[in-house]
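Commentary on secondary and tertiary structure
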Amino acid sequence: MIKFNVPPYAEKAYDYIRECVENQKICGDGAYTRKCNEWIEKKTGTAKCLLTTSCTHATELAALLLPEIGPGDEVIMPSFTFVSTADAFVLRGAVPVFVDIRPDTMNIDEKLIEAAVTERTKAIVPVHYAGVSCEMDKIMEIADKYHLAVIEDAAQGIMSSYKGRALGTIGNFGCFSFHETKNYSMGEGGALLIRDEKDVEEAEIIREKGTNRSKYYRGQIDKYTWINYGSSYLPSDMNAAYLYAQLEMAEEINDARLRCWNRYYENLKPLAEAGKIDLPTVPEGCVHNAHMFYIKAADLKERTELIAYLKDKDVMSVFHYIPLHTAPAGLKFGRFHGEDRYTTRESERLARLPMYFGLTEEQVDYICDVLKRFYE
Ligand SMILES: *Cc1c(COP(=O)(O)O)cnc(C)c1O
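Let me sum up the structure you'll find in this document.

With 24 residues, helix H10 (residues 250-273) ought to run about 34 Å at 1.5 Å a step, and its terminal C-alpha atoms sit 34 Å apart, in line with that. For H10, the full list of buried residues reads Ala-250, Ile-253, Asn-254, Ala-256, Arg-257, Leu-258, Cys-260, Trp-261, Tyr-264, Leu-268 and Leu-271. Where H10 is buried, its residues touch helix H2 (31-44), helix H9 (237-247), strand S11 (293-296), strand S13 (350-353) and helix H14 (361-375). Gly-275 sits one or two positions beyond H10 and adopts a positive phi of about 80°.

This brings us to the side chain of Ser-54. Of note, Ser-54 is situated in the loop between strand S1 (48-52) and helix H3 (55-64). Since its relative accessible area comes to 13%, Ser-54 is described here as buried. There is a polar contact of 2.9 Å between the side chain of Ser-54 and the backbone nitrogen of His-57. Discounting chain neighbours no more than four positions away, the residues touching Ser-54 are Gly-189 and Gly-190.

Surrounding the ligand, one finds 15 residues, the nearest of these being Cys-55, Thr-56, Gln-156, Ser-177 and Lys-182. At 2.8 Å from an oxygen atom of the ligand is found a main-chain nitrogen or oxygen belonging to Cys-55. Because more than half of its atoms lie within 2 Å of the grid, the ligand is assigned to the second largest pocket. Partitioned by chemical class, the residues of the shell around the ligand number 5 nonpolar, 8 polar and 2 charged.

Considered as a void within the structure, the largest pocket measures approximately 550 Å³ in volume. Looking at the largest pocket, it is lined by 24 residues, and the ones nearest its centre are Gly-28, Asp-29, Gly-30, Ala-31 and Arg-34. Elements that contribute at least two residues to the lining of the largest pocket include exactly helix H1 (13-22), H2, S1, helix H7 (200-207) and helix H8 (213-217). The biggest single contributor to the lining of the largest pocket is H2, with 7 residues. In this structure, the second largest pocket occupies an estimated 410 Å³ of space. Looking at the second largest pocket, it is lined by 22 residues, and the ones nearest its centre are Phe-82, Ser-177, Thr-181, Lys-182 and Tyr-321. Each residue belonging to the lining of the second largest pocket can be placed in one class, and the counts come to 6 nonpolar, 12 polar and 4 charged.

Further remarks concern the packing of aromatic side chains. Each aromatic ring pair is specified by the distance between its two centres and by the angle formed by the two planes. Counted under the stated rule, the structure contains 17 aromatic pairs. Where Tyr-216 meets Tyr-217, the ring centres are 6.0 Å apart and the plane angle is 45°; that geometry is what we call tilted. Its relative accessible area of 33% is what places Tyr-216 among the partly exposed residues. Here Tyr-217 falls in the exposed class, since its relative accessible area comes to 53%. One aromatic cluster in this structure is built from Phe-80, Phe-82, Tyr-129, Tyr-294 and Tyr-321. Lying over the aromatic face of Tyr-309, Lys-313 brings its terminal NZ or CZ to 4.5 Å of the ring centre.

Conventions we followed
- Residues numbered from 1 in each chain as written.
- Predicted model: local features only at pLDDT ≥ 70, side-chain atom pairs only at ≥ 80, totals over all residues.
- Heavy atoms only, no water.
- Helix = DSSP H or I, 4+ residues; strand = E, 2+ residues; numbered from the N terminus.
- Expected span 1.5 Å × (residues − 1).
- Buried < 20%, exposed > 50% of the residue type's maximum accessible area, 1.4 Å probe, protein only.
- Contact = heavy atoms within 4.5 Å.
- Polar contact = N/O pair within 3.5 Å; in protein donor to acceptor, adjacent residues only side chain to side chain.
- Near = heavy atom within 4 Å.
- 1 Å grid on protein atoms, 1.4 Å probe; cavity = no way out; pocket = protein on both sides within 12 Å on 5 of 7 lines; lining within 4 Å.
- Sits in = over half its atoms within 2 Å of the grid points.
- Nonpolar A, V, L, I, M, F, W, Y, C, P; charged D, E, K, R; others polar.
- Points joined across faces, edges and corners; volume = space filled by probe spheres on them.
- Phe/Tyr/Trp six-rings, centres within 6.5 Å; stacked < 30°, edge-to-face > 60°.
- Lys NZ or Arg CZ within 6 Å of the ring centre and 35° of its normal.

Structure (structure tokens):
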């Protein structure tokens, strides 16, 4: 059986975690958390990175950093995304306003955003699906024009870029995920990227239960106190140690994934050219991280048959998001702006193929052969 996902693992994790245990230093903001933060800052060029317990929590932290977002305010986002994108703002009492996606990248259609802006709009949350960037120039232009914050859901986007800039560093805040289904894993974990120096201190305070403990740890003050609302978003240093071992070999992991992605693409091109399936698009200026390889079948019925056929041939493939605006909580908390031309239709066509560090080119070839037989 070819699994759909195998969580990434680096041999060194064992040594690093043992070191944490032997030193009895496993709480938050230890040596490995610092190393991960610095690695991400250097790699992406962001002003500040703070490791968190998840991408969901990083997004919540970003929402808490925007005190102007409150009950009845609106936040523009795609409906084709994971629930966390919306949850962070629903918890603040805000209304997710869903905008249709582009069929080529499955990302929010930047041309439809401006029409969804109202007097209550406070932020835009672009989601970089499959690690392929949204059209950020246009999105930042709209944000500037209407004074909106931009929080990038870059859960899938570490190692990807848009016109030379790392995903997660373009908006005010960016959120990474290190869940075990992502390219780099700490089991459960994430990171908040902060673009502007001016937002760093407040972020540290909210992440530390509303206290200035981070400053205290750095020796900048001699006692710490409660100064704002906050929560606890620090992961254990053991999880950071597990992640750091993978970050050290990030290029190797990225290259291996890209090799599989490109092999899928080349192998399946004839099927796409024959009009049987659609393949993902990577627009010019976007460098992606091979987070995912998906194909699109004709419709829901064909996709269901395809996934069953693959399973019968020992290949695990899965579909993805049920659009949020059709889910019970989406109906309760959000609204769809404009027409749902592509969100539902394209989400019903999409099937994700196995993709993980360690997947072999022989396995990719086998999967592609199975797909070709299905379409014969
Ligand atoms: C995985 C994912 C999340 C959530 O990440 P966690 O680290 O599990 O909280 C949020 N948004 C998107 C687009 C994701 O793919």
